[in-house]
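The chain contents come next:
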Amino acid sequence: AQASGDVPAQEATGLEDERGFGGLYAQVEWTPLPRWRFDVGGRFNFTDEKRAGEVAGEDGEETASSRRSVNRGSGTVGLSFLALEGATEGDGLWLFADYRDAFKPAAIDFGPEAEAVDILKPETATSYEGGVKGRMLEGHFEWRASAFQLDFENLVTAVVVDGRPALVNSGEERFKGYELEGSYRFTDAIRLQASYAHHDSKFVDFVQLFDGVPTQLAGKRLEMAPQELAALGVSYFAERGWNAWATWNYVGERYLNKRNTALAPAFDTCSAGIGWRLDAWRFAVTGENLTDERAPVAESELGDAQYYRQTARSYELRLSFDF
């Protein structure tokens, strides 16, 4: 086969991107009564991005540039209320709620083509969350239950344009669901933890071309976003001597594409570790994904219908010393 270095380059490409960020922010915590707490925060964001690309080939050189400046506020408001105070100090039942308005400049698309230097719109999100959390049995048992809704605009999504990977803003999305988590401490060293989450992630308004045909994806689930997540873990960490831990994680079914025509089955993974701890020395052996589950977990930016798989089974030997 011909060596790649012997093939003359058809074109040379270049990309320059300069980003600047600034902001003013303030945060206030207020406790008007012992049972009430308010958290209020605000930030004004200044962002500026300049981008230039060039392509030099047999037909000459082509250049293009663009610039986007966005000045926008963001912030959060939250409150919590001690609804029931326990007999032991620190125990109780709290109600909480918060509202958040977020802003973030879009990720950089590193495609070097001079004709594709348009800077993506910034991502914005508005979220609402409310729930209840408790601490009881002299601090041995802690739990939390919450529900949320997140309205997203201009989420950066990977697509394929003319057979090449690219990033685009994907209109409007809505993420909503609920989460449950708990932790029980049997002794100072032994702890059991569990969690479950139901996430409903769908497009609200996003039109994308498929084979040249504009397709409205409203109501479709986001690709690679599972609805069900669960985890269970147990750990033993003493101040000295042996320590050990084990975890189980469950990931539910998820669609591999935006049109929701290819459904990947659920999968679960297990990890564990064991170690020895002295005052300063620590030794541990850990194993990740012990069942060697290789399910697809993320869409690749290299092309359509290509995916990254779950990291294979791995082991780690760790030795550390605290000075």
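Placed above this text is the structure.
These figures come from a predicted structure and were not determined experimentally.

J.: How do you make sense of the overall build of the chain when you look at a structure like this?
T.: Counting its secondary structure elements, the chain contains zero helices and 21 strands. For the chain, whose C-alpha radius of gyration is 25 Å, the value lies well above the compact-globule estimate of 20 Å for 323 residues. By principal-axis analysis of the C-alpha atoms, the chain measures approximately 80 × 55 × 50 Å. For the chain, the proportion of its 323 residues judged to be buried stands at 29%. Here the analysis covers contacts within the chain between residues at least 6 apart in sequence; of these, 57% occur between residues at least 24 apart. Taken together, the 33 basic and 52 acidic charged side chains of the chain have centroids lying 6 Å from each other.

J.: Where do I start with unusual backbone geometry in this structure?
T.: Negative phi characterises most residues that are not glycine, and trans characterises most peptide bonds. Positive phi is not limited to glycine here, since Leu137 has a value of about 55°. As for its position among the elements, Leu137 is in the loop between strand 5 (123-136) and strand 6 (141-153).

J.: How should I be thinking about the nonpolar core in this particular structure?
T.: As a rule of thumb, soluble globular proteins bury nonpolar side chains together. With 10 residues, the main nonpolar core is built from Ala125, Phe152, Leu155, Phe175, Phe203, Phe206, Phe210, Leu217, Leu222 and Ala225. Sequence-distant contacts of Phe152, that is, excluding residues within four places in its chain, are made with Glu123, Thr124, Ala125, Gly171, Glu172, Glu173 and Phe175.

J.: When you look at the packing of aromatic side chains in this model, what are you seeing that I'm missing?
T.: Two descriptors summarise a pair of aromatic rings, namely the distance from one centre to the other and the angle between the planes of the rings. For the structure shown, the criterion picks out 14 aromatic pairs. For the ring pair Phe141 and Tyr184, a centre distance of 6.4 Å and an interplane angle of 50° mean the geometry is tilted. You can see Phe141 sitting in strand 6 and its partner Tyr184 sitting in strand 9 (residues 172-185), a full 43 residues away along the chain. Residue classification places Phe141 among the partly exposed residues on the basis of a relative accessible area of 26%. Taking the relative accessible area as the measure of exposure, Tyr184 reaches 30% and is therefore partly exposed.

J.: Can you walk me through the pattern of salt bridges in this structure?
T.: Pairing between side chains becomes possible if they bear opposite charge and their charged atoms approach one another. Applying the stated criterion to the full structure yields 18 salt bridges. Lys258 is paired through a salt bridge with Glu223; the nearest N and O atoms lie 2.9 Å apart. With Lys258 in the loop between strand 15 (254-255) and strand 16 (263-264) and Glu223 in the loop between strand 12 (213-216) and strand 13 (228-237), the pair connects residues that are 35 residues apart, well separated along the chain. Neither residue differs from the other here; Lys258 and Glu223 are each classed as buried. The shortest N-O distance in the salt bridge between Asp322 and Arg282 comes to 3.4 Å. Separated by 40 residues along the polypeptide, Asp322 in the segment after strand 21 (314-321) and Arg282 in strand 18 (residues 281-288) bring together distant segments of the chain. The class of Arg282 is partly exposed, set by a relative accessible area of 35%. The structure contains a network of salt bridges with shared partners spanning Glu29, Arg37 and Asp39.

J.: Whenever I open this one, the side chain of Ser127 confuses me. Can you help?
T.: Tracing the backbone through its elements, the reader meets Ser127 in strand 5. Judged by its relative accessible area of 15%, Ser127 falls in the buried class. Discounting chain neighbours no more than four positions away, the residues touching Ser127 are Asp98, Tyr99, Arg100, Gln149 and Leu150.

J.: Any chance you could explain the pairing of strand 17 (residues 267-277) here in plain terms?
T.: Both faces of the sheet carry side chains from a regular strand, because those side chains alternate between them. Bridging between strand 14 (residues 241-251) and strand 17 involves 11 bridges; their strand directions are antiparallel. Following the sheet pairing, Trp245 is matched in strand 17 by Gly273. In textbook terms, the turn of a hairpin is the stretch between consecutive antiparallel strands, and for strand 17 and strand 18 this stretch comprises three residues.

J.: Can you walk me through the environment of Arg221 in this structure?
T.: If you trace the backbone, Arg221 turns up in the loop between strand 12 and strand 13. Accessibility expressed as a relative area gives 12% for Arg221, which makes it buried. Spatially, the C-alpha atoms of Arg221 and Lys202 are 4.2 Å apart, while their sequence positions differ by 19 residues. Setting aside residues no more than four positions away along its own chain, Arg221 makes contact with Ser201, Lys202, Phe203, Pro226, Gln227, Glu253, Arg254, Tyr255, Lys258 and Asn260.

J.: Quick question: what am I supposed to make of the side chain of Glu223 here?
T.: Using a relative accessible area of 13% as the deciding quantity, one classes Glu223 as buried. Look past the residues within four positions of Glu223 in its chain and what remains in contact with it is Thr157, Phe203, Tyr255, Leu256, Asn257, Lys258 and Glu299.

J.: What is the right way to read the environment of Ala225 from this model?
T.: Summarising the element assignment, Ala225 is placed in the loop between strand 12 and strand 13. C-alpha of Ala225 to C-alpha of Ser201: the two residues are 24 residues apart in sequence and 6.9 Å apart in space. Setting aside residues no more than four positions away along its own chain, Ala225 makes contact with Ser201, Glu253 and Arg254.

Calculation rules
Residues numbered from 1 in each chain as written. Predicted model: local features only at pLDDT ≥ 70, side-chain atom pairs only at ≥ 80, totals over all residues. Heavy atoms only, no water. Helix = DSSP H or I, 4+ residues; strand = E, 2+ residues; numbered from the N terminus. Rg over C-alpha atoms; globule rule 2.2 N^0.38 Å. Buried < 20%, exposed > 50% of the residue type's maximum accessible area, 1.4 Å probe, protein only. Contact = heavy atoms within 4.5 Å. Lys, Arg positive; Asp, Glu negative; His and termini not counted. Charge placed at Lys NZ, Arg CZ, Asp CG, Glu CD. Core = buried A, V, L, I, M, F, W, Y, C linked by side-chain atoms within 4.5 Å. Phe/Tyr/Trp six-rings, centres within 6.5 Å; stacked < 30°, edge-to-face > 60°. Salt bridge = Lys/Arg side-chain N within 4 Å of Asp/Glu carboxyl O. Pairing = 2+ DSSP bridges.

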